Amino acid sequence: VAVKEATGDVSRVQTIRGVTKGLKTPLLLYSGDDATEAEFVLKGGDGCISVTANVAPLTMHNMMMAGLQGDAAEAMRINDTCLEGIHSIIFCES
């Protein structure tokens, strides 16, 4: 069982983990907010459901793997140097 958390508020990872810690089957947490996915995973999330991965699949994979392995420096480097520009192009708020 999983939840897609797409508010962009990465503090919710810890909140949801705290509320669900006693479950027999762990609740998986997936980010649905591309701009905060690296931080989300580094805070304890399990992965992402990404729009950006359709445009840059290998880069997103590498960033997610770095985050899941706890390599914050590499995850943020990939996010900041490779993905941030893509996010600003493919997402538009009106």
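Everything below is about the structure printed above this text.
A brief report on the enclosed structure follows.

Cut-off values and rules
Residues numbered from 1 in each chain as written. Predicted model: local features only at pLDDT ≥ 70, side-chain atom pairs only at ≥ 80, totals over all residues. Heavy atoms only, no water. Helix = DSSP H or I, 4+ residues; strand = E, 2+ residues; numbered from the N terminus. Rg over C-alpha atoms; globule rule 2.2 N^0.38 Å. Contact = heavy atoms within 4.5 Å. Areas by Shrake-Rupley, 256 points an atom, 1.4 Å probe, with all protein chains shown as cover. Buried < 20%, exposed > 50% of the residue type's maximum accessible area, 1.4 Å probe, protein only. Arc of directions from axis to C-beta. Salt bridge = Lys/Arg side-chain N within 4 Å of Asp/Glu carboxyl O. Pairing = 2+ DSSP bridges. Axes fitted to C-alpha atoms, helices over the stretch in contact; angles between N-to-C directions. Parallel < 35°, antiparallel > 145°, perpendicular 65-115°, else oblique. Left-handed = near helix turned anticlockwise from the far one by under 90°. Nonpolar A, V, L, I, M, F, W, Y, C, P; charged D, E, K, R; others polar.

### With respect to the overall build of the chain
On a plain count of helices and strands, the chain comes out with 4 helices and 3 strands. Seen in sequence order, the chain has helices and strands lined up from the N terminus as β-α-β-α-β-α-α. Here the C-alpha atoms of the chain give a radius of gyration of 13 Å, agreeing with the 12 Å that 2.2 N^0.38 yields for 94 residues. Sequence separation of at least 24 residues holds for 54% of the intrachain contacts in the chain that already meet a minimum separation of 6. Taken as a whole, the chain presents about 5700 Å² of accessible surface, with 56% of it coming from carbon and sulfur.

### Concerning helix H1 (residues 12-20)
Among the residues making up H1, those that are buried are Val13, Ile16 and Thr20. Buried positions in H1, seen along its axis, are confined to an arc of 75 degrees and lie on one side of it. Turned more than 90 degrees from where H1 packs its buried face, Gln14 and Val19 sit exposed. Elements that come into contact with the buried residues of H1 comprise strand E1 (2-5), strand E2 (28-31) and helix H2 (37-42).

### Digging into the pattern of salt bridges
All told, the structure shown has 3 salt bridges when counted by the stated rule. Put simply, Arg77 and Glu74 hold a salt bridge, and the shortest N to O gap is 2.9 Å. Linking Arg77 with Glu74, this pair stays in helix H4 (residues 72-90), spanning 3 residues, or about one helical turn. Looking at Glu74, the relative accessible area reads 27%, which means it is partly exposed.

### Remarks on the sheet that holds strand E3 (residues 47-48)
Pairing is parallel across the open sheet formed by 3 strands, whose spatial order is E1-E2-E3. Of all strands in the sheet, those with a lone pairing partner are E1 and E3, marking the two edges. For E2 and E3, the ladder comprises 2 bridges, and the chain directions are parallel. Paired with Ser31 across the bridge in E3 is Cys48.

### Some words on the packing of helix H3 (residues 57-68) against H4
At a minimum axis separation of 7 Å, H3 and H4 run at an interaxial angle of 155 degrees. As the angle between them shows, H3 and H4 are arranged roughly antiparallel. Between H3 and H4 lies a crossing whose hand is left-handed. Across from Thr59, Met60, Asn62, Met63, Ala66 and Gly67 in H3, the residues of H4 making contact are Glu74, Ala75, Ile78, Asn79, Cys82 and Leu83. A class-by-class count of the residues in the contact of H3 with H4 yields 7 nonpolar, 4 polar and 1 charged.

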